Amino acid sequence: MFILRHLQHAAQAKRPSNSPRLHADFIDFKHAYDAIPREALWDHLHRICMPSSLLNIIKDLYAEDAYILVDGPKRVPAMPTRGVKQGSPLSPLLFSHINDIDLIAEGVEGAITGSSTVWVTHMLNADDCLTANRPDQLQTMLNRLDGYARRKGLTANTAKSEVVHFNSHGCNVPAFSVGDTPLANKDSFKYLGMVFYRITFPTFL
């Protein structure tokens, strides 16, 4: 929350490209925890050099995992090959399966900060967020997002992914899309429990 607010204020104060705007896309992935292919997850953890002993323990936690699908009087046993366990404290760490999403930001400048040498292209949390001061740079990341998500076995939920044009009055704002699907422009977004509005009072850095 601190970083997002800082980016808003930095854009106001420094006006990169002669504009105070900060364009932010808040990304939602469809059924993210349920969609991850487990074999792809194990391969990813192996590639990032997780110790084999620890990886084997995690895989054992998921071995022969089973549940019952209930449809009225019908009971259908199932053994899933996708998803991490709901409610498990380990699941958010395992969801770092997408922690190389910074690949979509290669060569992108992103959003200015109070330091001339530090720019922010994305933030990963419960709500992933892409940020840029220039519209073309945000669209570049969105162009890469769809293919990236497919490689990870995920789907960008364009119906719930929203754009806020911070420090703008809502007129003449650019349109963004993922693939052929346009994203909705909003006046605010509830990020990590706090509502961020596109217009804030000027604040000195």
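Residues numbered from 1 in each chain as written. Predicted model: local features only at pLDDT ≥ 70, side-chain atom pairs only at ≥ 80, totals over all residues. Heavy atoms only, no water.

Engineer: Provide a residue-level description of unusual backbone geometry, including the pertinent values.
Structural biologist: In this model, Cys49 sits at a positive phi of 70 degrees, which is unusual for a non-glycine residue. Its place among the elements puts Cys49 in the loop between helix H3 (38–47) and helix H4 (52–62). On the accessibility criterion, Cys49 (65% relative accessible area) is exposed. Positive phi, close to 65 degrees, is recorded for Asn167, a residue that is not glycine. For Asn167, the position within the fold is in the loop between strand S8 (162–166) and strand S9 (177–178). On the basis of relative accessibility, which here comes to 9%, the residue Asn167 falls in the buried class. (Helix = DSSP H or I, 4+ residues; strand = E, 2+ residues; numbered from the N terminus. Buried < 20%, exposed > 50% of the residue type's maximum accessible area, 1.4 Å probe, protein only.)

Engineer: Break down the nonpolar core for me, citing the residues and quoting the values.
Structural biologist: Side chains of a nonpolar character, in soluble globular proteins, are inclined to be buried together. Core analysis: the largest hydrophobic core is formed by 34 residues, its most contacted members being Phe29, Met141, Leu142 and Leu145. Put simply, the parts of the chain that give this core at least two residues each are helix H2 (32–35), H3, H4, strand S7 (128–132) and helix H6 (135–151). Ranked by residues supplied to this core, first place goes to H6 with six residues. Residues contacting Leu145, with those up to four places away along its chain left out, are Ile27, Phe29, Ile101, Ile104, Ala156 and Val178. (Core = buried A, V, L, I, M, F, W, Y, C linked by side-chain atoms within 4.5 Å. Contact = heavy atoms within 4.5 Å.)

Engineer: Which residues make up the packing of aromatic side chains, and what values do they have?
Structural biologist: Overall, the coordinates contain four aromatic pairs when judged by the stated rule. When the ring of Trp42 is compared with that of Tyr62, the centres are 5.7 Å apart and the planes differ by 65 degrees; the resulting orientation is edge-to-face. Of the two residues, Trp42 sits in helix H3 while Tyr62 sits in helix H4, which places them 20 residues apart along the sequence. You'll find Trp42 and Tyr62 in the same group, each marked buried. An aromatic cluster is present here, built from Phe26, Phe189, Tyr191 and Phe196 joined pairwise through their rings. (Phe/Tyr/Trp six-rings, centres within 6.5 Å; stacked < 30°, edge-to-face > 60°.)

Engineer: Describe the side chain of Thr131, naming the residues involved and giving the relevant values.
Structural biologist: Note on placement: Thr131 falls in strand S7. Owing to a relative accessible area of 0%, Thr131 belongs among the buried residues under this scheme. At 2.8 Å, the side chain of Thr131 forms a polar contact with the backbone oxygen of Val120. Those residues in contact with Thr131, other than ones at most four positions away along the chain, are Leu7, Leu22, His23, Ala24, Gly110, Ala111, Val120, Thr121, His122, Met123, Leu138 and Met141. (Polar contact = N/O pair within 3.5 Å; in protein donor to acceptor, adjacent residues only side chain to side chain.)

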